[in-house]
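# Geometric and topological summary
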Amino acid sequence: VSIDWPGLRTAAVAAAARAYAPYSGLRVGAAGQAADGRLVTGCNVENASYGMTLCAECGLVSALHATGARHATGAEDGPAAGAEDGPADGAEDGPADGSGAGAVPRLVAVAVVAGDGAPLLPCGRCRQLLLEAGGPGLLVDTDGGPVELDALLPAAFTGTDLAQRRDPQREDPQPGESR
Ligand code: THU
């Protein structure tokens, strides 16, 4: 997959300019390239109740899913495969164009910048969020150039840990069923 880094950085700067950050004064913009080639963006959105702040990467991941090709319900979709096993190539989950029914939208590269235009390393929570959306091989821009997410979030908790370590006696609740 060819990554349009100049395009990602430019889009991230544009998103940062639209940030709503009156409390911290730190504008953040994020831009990502999806496996199907789409460009998705997000900016941070703060709130008078400080803890409710949304990081730019949250908006980015929401846009990835909200604008991605999916079938009607999405009920049978699992997490992106690369989020829980080995390095992801970013394109193994569906057709090359990513438009097939049931294809889970997937990130292959992200650029996150502050209002000054320089790369900003994603916070810990957002590294976890990005892992689910792009897997450990997701390329993240830094001052020193792109690095794999695995280098920023080693030994991560993933859906594999969840599946292997949950209570074996647990009965899966059915949708709409109260427990
Ligand atoms: N912020 C992000 O948008 N992404 C990060 O990865 C780090 C922090 C935002 C949240 C808040 O609006 C501001 O930066 C200061 O923490």
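Every value quoted in this text rests on a predicted model; they were computed, and no experiment measured them.

## Here's the deal with the sheet that holds strand 5 (residues 147-148)
- Across the sheet, which stays open at both edges, the five strands sit in the order 2-1-3-4-5 with mixed pairing between neighbours. Strand pairing shows two members of the sheet lacking a second neighbour, strand 2 (39-43) and strand 5, which therefore form its edges.
- Pairing of strand 4 (residues 139-140) with strand 5 involves two bridges; the strand directions are antiparallel. Looking at the pairing, Leu139 lines up with Glu148 of strand 5.

## Considerations on the environment of Gly32
- Structurally, Gly32 is set in strand 1 (residues 28-34).
- Gly32 sits in the buried class, given a relative accessible area of 0%.
- Expressed as a C-alpha distance, the spacing of Gly32 and Leu60, which sit 28 residues apart in the sequence, is 7.1 Å.
- Sequence-distant contacts of Gly32, that is, excluding residues within four places in its chain, are made with Leu8, Arg38, Leu39, Val40, Leu60, Leu107, Ala109 and Val110.

## A short note on the confidence of the model for the protein chain
- Here the protein chain shows a mean pLDDT of 86. Residues at 70 or above account for 81%.
- Within the model, pLDDT remains below 50 along residues 81-100, and this stretch shows 36 contacts once partners closer than five positions in the same chain are excluded.

## Considering the side chain of Arg106
- With respect to the helices and strands, the residue Arg106 is situated in the loop between helix 2 (56-66) and strand 3 (107-114).
- Taking relative accessible area as the criterion, Arg106 reaches 2% and is therefore assigned buried.

## Thoughts on the packing of helix 2 against helix 3 (residues 124-134)
- Where helix 2 meets helix 3, the axes come as close as 10 Å, and the angle between the chain directions of the two elements is 15°. When the axis of helix 2 is compared with that of helix 3, the two are roughly parallel. Crossing hand, helix 2 versus helix 3: left-handed. Counted together, Glu57, Cys58, Leu60, Val61 and Leu64 of helix 2 and Arg125, Cys126, Leu129, Leu130 and Ala133 of helix 3 form the full contact between these two elements.
- Of the residues in the contact of helix 2 with helix 3, the class split is eight nonpolar, no polar and two charged.

The rules behind these values
Within any chain, residue numbers begin from 1 and follow the written order of that chain's sequence. Residue-level local features of this predicted model are given only where pLDDT is at least 70; pairs of side-chain atoms are given and counted only at 80 or more, and the full residue set underlies all totals for whole chains, interfaces and linings. Calculated side-chain values reflect all of the structure's heavy atoms, with hydrogen atoms and water omitted. Should DSSP find at least two bridges between two strands, the strands are taken to pair. Runs of E in the DSSP output that reach at least two residues are strands. Runs of H or I that reach at least four are helices, and both are numbered from the N terminus. Whether a residue is buried, partly exposed or exposed follows from its accessible area with a 1.4 Å probe, protein chains only, as a fraction of its type maximum: under 20%, in between, or over 50%, in that order. Contacts are residue-level and defined by heavy atoms, with any inter-residue pair within 4.5 Å sufficient. The predictor's confidence in any single residue is recorded as pLDDT, a number from 0 to 100. All axes here are fitted lines through C-alpha atoms, helices being fitted over the stretch that makes contact, and every angle between N-to-C directions spans 0 to 180 degrees. Note that the term roughly parallel is reserved for angles under 35 degrees, roughly antiparallel for angles over 145, roughly perpendicular for angles of 65 to 115, and oblique for everything else. Note on convention: near helix rotated counterclockwise from far helix by under a right angle means a left-handed crossing. Clockwise means right-handed. When residues are grouped by polarity, Ala, Val, Leu, Ile, Met, Phe, Trp, Tyr, Cys and Pro land in nonpolar, Asp, Glu, Lys and Arg in charged, and all others, Gly among them, in polar.

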